[in-house]
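# Observations on the three-dimensional arrangement
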Amino acid sequence: MIARRTFLGMLGAVPLVAACSPDADSGGGIIAIIMPPYDNPFFRAQAVAARDRAVALGYEPLMLVHDDDASKQSEMIDTAIARGAKAIILDNAGAAATVAAVRRAKLAGVPSFLIDRELNVRGVAVSQIVSNNYQGAQIGAQAFVDAMAEKGSYAELVGREADTNAAIRSQGFHAIIDQYPAMKQVARQSANWSQTEAYAKMESMLQANPQIKGVIAGNDTMAMGAWAALKAAGRTDVIVVGFDGSDDVRQSILSGGIRATVLQPASLQARMAVEQADTYLRTGSTGMPEKQLIDCILIVPGNAERLHDFDMRA
Amino acid sequence: MKAAAILISLVLVAGCRLETREEAARHAASGQSVDIEGMAAEALRALPTAIAEKATLFDPQGKGDTVRAVRLTGTALAVTGGERARSMTIDTDGDGSADAILQLGPVVRGTALRDALGTRTFNDFDSQIDYARYARLINDQAVGQVRDAAKAIAPGASVAVIGAYVPGGDGPPVVTPVTIQPAP
């Protein structure tokens, strides 16, 4: 059972592994790269960036996908330990459920380097590199308020409740939007980061509140789902702002659809995590504090051209 | 069959022990949870002096994305905004146009005071939510303490301000104040 679930989890990673052909003779050893499912391009970009950096530094990447399932993640961490991985790069499947597994790896001598989602404790992982979600949500919300001309009815699509990032982004949005008394929130629902769920939620919110003038979404896949539902309903007048900086949303921004998003430098974070793992393995220290915040960047028509694979190109 | 049952129960027992120890470890780790109100109170005591000591003279042309402690004097132009987010525009170079916008709250945006003070970093907190809450407590109380002083400043009056801001890009920068005083 355990073997089969792990195998299934690895299946999702097959195209990535095939594309990388790591050098079997590299002396660096295995780095396990454990990520949420790649159907969200954000996680795929992280996986690719981490894999490429690991290969460049002479490690053999072991690509695993936990599908946001904490028990599957736990098995994968055991797999990494059993395979003798030198380090684990992890975007975790839920803060509370992850601490025990990361601690188990630590006790087995395998250090973990977290990206994107933090643990709510310190001293278990070596590094926790996360986007400054509060700052990012505030700049996204300001762009939203500006596009709304500071007034009107709006809906909020919230991410998965178990994810710290869902709460912190919502708080950041409201730290700005609540300053404008003419901005009226008429609906607020979780679509669990999912595009299809956001489509359905948007349809029902729109039916209940046809006066909606704007939608602020906790991530880009939900923004894309909302935008698709709005298009289907002939309501492309509605202002949509997302969060993540995906290439899909970049295209929508450039073609006059979604108004703005907030780039989380996902590829940068993934590279940093692998580099810190390498430094730690060579010297015994990363030279950095455990918890590290990376500022987000507002993406609007003026700079959207430079956005590719969750990175800003020169 | 019997051997398999024994094996399974052994695994179960082992599994239980492992989880129990880790639960305990996790509880111990979360027991170190930080006292955010206490840290904010400590920050607020240090804030006016610390920001004044770090403050450099305001540069209306300044650019960049690094937080700065700042000292500025000028003419109060207008107080605008609704009940939730009032702000005062200030002309620092005498050309009659706004060079800086002072946030007067009650809702205050950004984390400039926390970041300019710099005594606590993200690494001192368990989560981004705690780190943001710390910033918000500082904002609410620091700006709350200067609101009455701001009310006493009429448009056209001279004003001296100490605060913090991130220069950013377009438009006058938004400054979060720690002291507002009438200037000669």
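Residue numbers run consecutively from 1 along every chain, following the written order of its sequence. The order in which chains are written sets their letters, starting at A; the order in which ligands are written sets their numbers, starting at 1. A pLDDT threshold of at least 70 governs which residues receive local features in this predicted model, and a stricter bar of 80 or more applies before side-chain atom pairs are shown or counted, although totals over entire chains, interfaces and linings include all residues. With hydrogens and water stripped out, all remaining heavy atoms of the structure feed into the side-chain values.

The name an unreviewed UniProt entry gives chain B is Putative lipoprotein DUF2291, with Hephaestia caeni as the organism.

Per an unreviewed UniProt entry, the recorded name for chain A is Erythritol-binding protein, and the organism is Hephaestia caeni. UniProt positions are given in the numbering used here, feature names are shortened, and annotations may be inferred rather than shown by experiment. Note on chain A: under the UniProt heading Subcellular location (unreviewed entry), the record states "Cell envelope". In its Sequence similarities (unreviewed entry) section, UniProt records this for chain A: "Belongs to the bacterial solute-binding protein 2 family."

Attention now goes to the overall build of chain B. The helix count covers DSSP runs of H or I at least four residues long, the strand count covers runs of E at least two residues long, and both are numbered beginning at the N terminus. If you tally the helices and strands in chain B, you get 4 helices and 6 strands. When the helices and strands of chain B are listed from N to C terminus, the series reads α-α-β-β-β-β-α-α-β-β. Using a 1.4 Å probe on the protein chains alone, a residue whose accessible area is under 20% of its type maximum counts as buried, one over 50% counts as exposed, and one in between counts as partly exposed. Buried residues in chain B amount to 38% of all 184 residues. The contact rule is simple, with two residues in contact once any of their heavy atoms fall within 4.5 Å. For chain B, the proportion of contacts with a sequence separation of at least 24, taken over those separated by at least 6, is 60%.

Let us look at the nonpolar core. Nonpolar side chains in soluble globular proteins tend to be buried together. Residues enter a nonpolar core if they are buried and are Ala, Val, Leu, Ile, Met, Phe, Trp, Tyr or Cys, with the set joined through side-chain atoms within 4.5 Å. One finds Leu157, Met202, Ile212, Val215, Leu230 and Ile258 of chain A to be the most contacted residues of the largest nonpolar core, which totals 35 residues. Here this core takes 7 residues from helix H9 (residues 220-232) of chain A, the largest share from any one element. Note: domain ranges come from an automatic or database domain assignment. In terms of domain composition, this core takes at least three residues from each of domain 1 (2-125) and domain 2 (133-263) of chain A. Residue contacts for Leu157 of chain A: discarding those within four places in its chain leaves Gln189, Ala191, Ala198, Lys201, Met205, Val215, Ile216, Ala217, Gly218, Met222 and Ala226 of chain A. Core analysis: the second largest hydrophobic core is formed by 25 residues, Ala50, Ala69, Tyr131 and Ile162 of chain B among them.

Okay, the pairing of strand E3 (residues 85-91) of chain B next. All names here are of chain B. Burial analysis of E3 places 6 of its 7 residues in the buried class, the great majority of the element. Two strands are said to pair when DSSP picks up at least two bridges between them. Bridge analysis of strand E2 (residues 68-80) against E3 gives 5 bridges, and the strand direction is antiparallel. Considered in E3, the bridge of Thr80 is made with Ser87. Following E2, the chain reverses through 4 residues before pairing antiparallel with E3; Gly81 in that reversal takes a positive phi of roughly 100 degrees. Note that E3 and strand E4 (residues 100-106) share 6 bridges and pair antiparallel. Counterpart to Arg86 in the pairing with E4 is Gly105.

Residue and element names in this part refer to chain A. Both strand E6 (residues 152-158) and strand E7 (residues 183-190) contribute to a ladder of 7 bridges, which runs parallel. The residue of E7 that forms the bridge with Leu157 is Gln189. Taken together, E6, helix H7 (residues 164-177) and E7 form a β-α-β motif whose crossover is right-handed. With the strands aimed away from the viewer, a crossover counts as right-handed if its path from the first strand over the helix to the second runs clockwise.

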